[in-house]
Amino acid sequence: MKRAHFESFRPLCPACLRDGRGPHHLHLATIFAEHDGDVQQGILHCTLATCRHEYPILDFIPIITPSLRRHLSDRAVELLVRDDIDPDLEGLFGDAMGPDSWFDVLRQTLSTYGWDAYADQDPAEPQATEAATPGAARRCLAELLRLDPPRGQTTRALDLGCAAGRTSFELAAALPDALVLGLDMNLSLLRLARRAATGEALYPRRRVGLVYDRRRFKLHLPAAPRVDFWACDATCLPFAPATADLAVALNLLDCVADPPALLATLAQILRPGGQALLATPYDWSTRATQPEGWIGGHSQRGPHAGAAEPLLHLLLQTQGWIINGEKPHFPWHTRLHDRSTVTYDAHLLALARPDV
């Protein structure tokens, strides 16, 4: 956790925010290891005496979520997975645990997001094809910035659902005066992003089935010093109102339990006139969102016949958002393995909070 980001964003206790105890800042109570203003291991404390919730920092990543017990119960294994095992030995473990095991799911996730984020800088990457070109997230961000270029001085920006982190680095490059925070709940992807910040990519690239090739190569990311990565819940962000000038949420709206709460949270943490850049393919799944929380995708007997776009427009209007730019269709390719690519049709929206 970079001290510069901690001091600029001044995180609040998410448990206090969730439970209605008001805004109470976190302080850096214990440091076990630190390197040049970057805390590798430590503990954050809530400053409210009757709360005193603790939040760990491990591998330079602070975990600032309202339910730490549940988060670690679901994802602690991601913090313990080693990346120093010989690739052949790792392959043996993958074969032994088999498909659909936690180990296989973790490697597939790292492969998909690591490839899209960094394979463009991999000298060993095969020549891209039309159906499988890395950088879908980067291209999406670039299109949104084209639809609504940043206005005025931007000093603090958030990348919600940053995954492997490439969009956070690209956002920092587009905002030369800003500190950027990449936020995600997936600890294994955040570890990949933090390694990328040091100038190295390391991830398993899935070839087919349970066969993976380890990818390790140097990266050129000039804006990396202004980027940090935290584990946070996008629907309960640990920040005071008007903290951020700009927020990005690419393909996140359909991956949270409460999509309207995500939009409301964005509205709260943005300053008046602040920008929000969204992309969503409305790829609803009950693993993330129960059907009653979907924006469209059901109730085809209603006035919009189940269409998502008019319902999202209505929700944005109700919450007071201004639409500065929109692209109804944007292709997003996700690579699964050498012979499988999924194509999404994302809806892009460049939004702003009213100036007053």
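Conventions we followed
- Residues numbered from 1 in each chain as written.
- Predicted model: local features only at pLDDT ≥ 70, side-chain atom pairs only at ≥ 80, totals over all residues.
- Heavy atoms only, no water.
- Phe/Tyr/Trp six-rings, centres within 6.5 Å; stacked < 30°, edge-to-face > 60°.
- Buried < 20%, exposed > 50% of the residue type's maximum accessible area, 1.4 Å probe, protein only.
- Helix = DSSP H or I, 4+ residues; strand = E, 2+ residues; numbered from the N terminus.
- Lys NZ or Arg CZ within 6 Å of the ring centre and 35° of its normal.
- Axes fitted to C-alpha atoms, helices over the stretch in contact; angles between N-to-C directions.
- Left-handed = near helix turned anticlockwise from the far one by under 90°.
- Contact = heavy atoms within 4.5 Å.
- Nonpolar A, V, L, I, M, F, W, Y, C, P; charged D, E, K, R; others polar.

1. Describing the packing of aromatic side chains
Note on aromatic pairs: each is described by the distance of the centres and the angle between the planes.
Next, step 1: Scanning the entire structure with this criterion turns up 6 aromatic pairs.
Next, step 2: Arranged with centres 5.6 Å apart and planes meeting at 80°, the rings of W102 and F103 form a pair that is edge-to-face.
Next, step 3: Classification of W102 as partly exposed rests on a relative accessible area of 44%.
Next, step 4: Arranged with centres 6.2 Å apart and planes meeting at 10°, the rings of W284 and W294 form a pair that is stacked. Note that W284 is positioned in the loop between β11 (270–280) and α10 (308–318) and W294 in the loop between β11 and α10, a separation of 10 residues in sequence.
Next, step 5: A relative accessible area of 18% means that W294 is categorised as buried.
Next, step 6: Through a chain of ring-to-ring contacts, three or more aromatic side chains come together here, namely F9, W230 and F239.
Next, step 7: A cation over a ring is seen here: R335 above W115, with NZ or CZ 5.8 Å from the ring centre.
Next, step 8: Its guanidinium or amino end placed over the ring of W321, R353 lies 5.0 Å from that ring's centre, counting from NZ or CZ.

2. Side note on the packing of helix α6 (residues 136–147) against helix α7 (residues 166–174)
Next, step 1: It is the contact of α6 with α7, at a shortest axis distance of 9 Å, that shows an interaxial angle of 35°. For α6 against α7, the interelement crossing comes out right-handed. Contacts from A137, R138, L141 and L145 in α6 reach R166, T167, E170, L171 and A174 in α7.
Next, step 2: Here the contact of α6 with α7 is composed, by residue class, of 5 nonpolar, 1 polar and 3 charged.

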